[in-house]
Amino acid sequence: MDRPNHWRALFGLLTPHRRRLAAMFAVVAVAGLLPLIGPVIIAAFIDEAAAGATQSRLLFLAGFFVAVGVARQLLAIAVAWVSTDLAWRVTNELRSTLARHVLALDLGFHRSTSPGELVSRVDGDVTALSEFISDFLARAVAALVTLVGLLVVVLWRSWPVGIAMAIYLSIALFTMWVLRN
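As the structure is a prediction and not an experimental result, all values here were calculated from the model. The residue count restarts for each chain, going from 1 along the sequence in the order it is written. With the structure being a predicted model, the display of local features is reserved for residues of pLDDT at least 70 and the display and counting of side-chain atom pairs for 80 or more, all residues being used for whole-chain, interface and lining totals. In computing side-chain values, all of the structure's heavy atoms are included and hydrogens and water are not.

**Student:** Just to check I follow, could you spell out the nonpolar core for this structure?
**Tutor:** For soluble globular proteins, nonpolar side chains are generally found buried alongside one another. By size, the foremost hydrophobic cluster in this structure holds 25 residues, and its most contacted members are Leu14, Met24, Val28, Leu86 and Ile133. A run of DSSP states H or I qualifies as a helix once it reaches four residues; a run of E qualifies as a strand once it reaches two. Both are numbered from the N-terminal end. Secondary structure elements with two or more residues in this core: helix 1 (3-14), helix 2 (18-50), helix 3 (55-104) and helix 5 (115-157). The element best represented in this core is helix 3, accounting for 9 residues. Not counting the four nearest positions on each side in its chain, Leu14 is found in contact with Leu21, Leu86, Val90, Ile133 and Leu137. Remark: nonpolar core denotes a set of buried residues (Ala, Val, Leu, Ile, Met, Phe, Trp, Tyr, Cys) joined through side-chain atoms within 4.5 Å. Relative accessibility thresholds used throughout: buried, under 20% of the residue-type maximum; exposed, over 50%; partly exposed, between the two (1.4 Å probe, protein chains only). Any pair of residues with heavy atoms lying within 4.5 Å of one another is described as a contacting pair.

Shown next, in the form of structure tokens:
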């Protein structure tokens, strides 16, 4: 089975769960952007402190920084819950489909294959898929959102550095795409 068929099969499993997948992507996107707010708040705090801002303004920025930190932790819990929920729903359907398929196989297959081997194979592969959906997929989306957000923040703070970073990232992504196999 070539790579495109693996992705097609994965998308086929995820398609009935579009709403949960969209919810996962939304929560992961927000969670991926929150790490970028902290450095922006710190920069504003330093800039305003150097400019002689009032203590109440600095306390507001400090409180906002703490609130963002708490929000990051709460969103980390939400990401884990949403992605794990999606993964379990998808893989439970897959387990059911595989169980029906295995039970429909001819008697000769069942004579040559032990029940423990079948359970181990089906459950092991489905568990690996569950971990892929709940862990890797969520992390990959969060990393992509953080990377794009970082590029936007750098472009906003210093456009020459942002353009250099965009060129570097383009070259790096192109190199990884070429060498992916």
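After presenting the structure, the write-up continues.
**Student:** Is there a simple way to think about helix 6 (residues 159-178) in this case?
**Tutor:** Residues spaced three or four apart along an α-helix face the same direction, because each turn holds 3.6 residues. Here, expected helix span is obtained from the residue count minus one, scaled by 1.5 Å. With 20 residues, helix 6 extends 28 Å between its outermost C-alpha atoms, agreeing within 8% with the 28 Å of an ideal straight helix rising 1.5 Å per residue. Contact partners of the buried residues in helix 6: helix 5.

**Student:** Explain the packing of aromatic side chains here, please?
**Tutor:** The relative placement of two aromatic rings is captured by the distance of their centres and the angle of their planes. Each Phe, Tyr or Trp ring (for Trp, its six-membered ring) is paired with any other whose centre lies within 6.5 Å, and the angle between the two planes then decides the class: stacked below 30 degrees, edge-to-face above 60, tilted in between. Inspection of the entire model under this criterion finds 1 aromatic pair. Between Phe60 and Phe64 the ring centres are 6.3 Å apart and the planes differ by 0°, which places this aromatic pair in the stacked class. Linking Phe60 with Phe64, this pair stays in helix 3, spanning 4 residues, or about one helical turn. The class for Phe64 is partly exposed, based on a relative accessible area of 38%. Between Arg157 and the ring centre of Trp156, over which it is positioned, the NZ or CZ distance is 5.6 Å. Charge-over-ring contacts are defined here by two conditions on Lys NZ or Arg CZ: a distance within 6 Å of the ring centre and an angle within 35 degrees of the ring normal.

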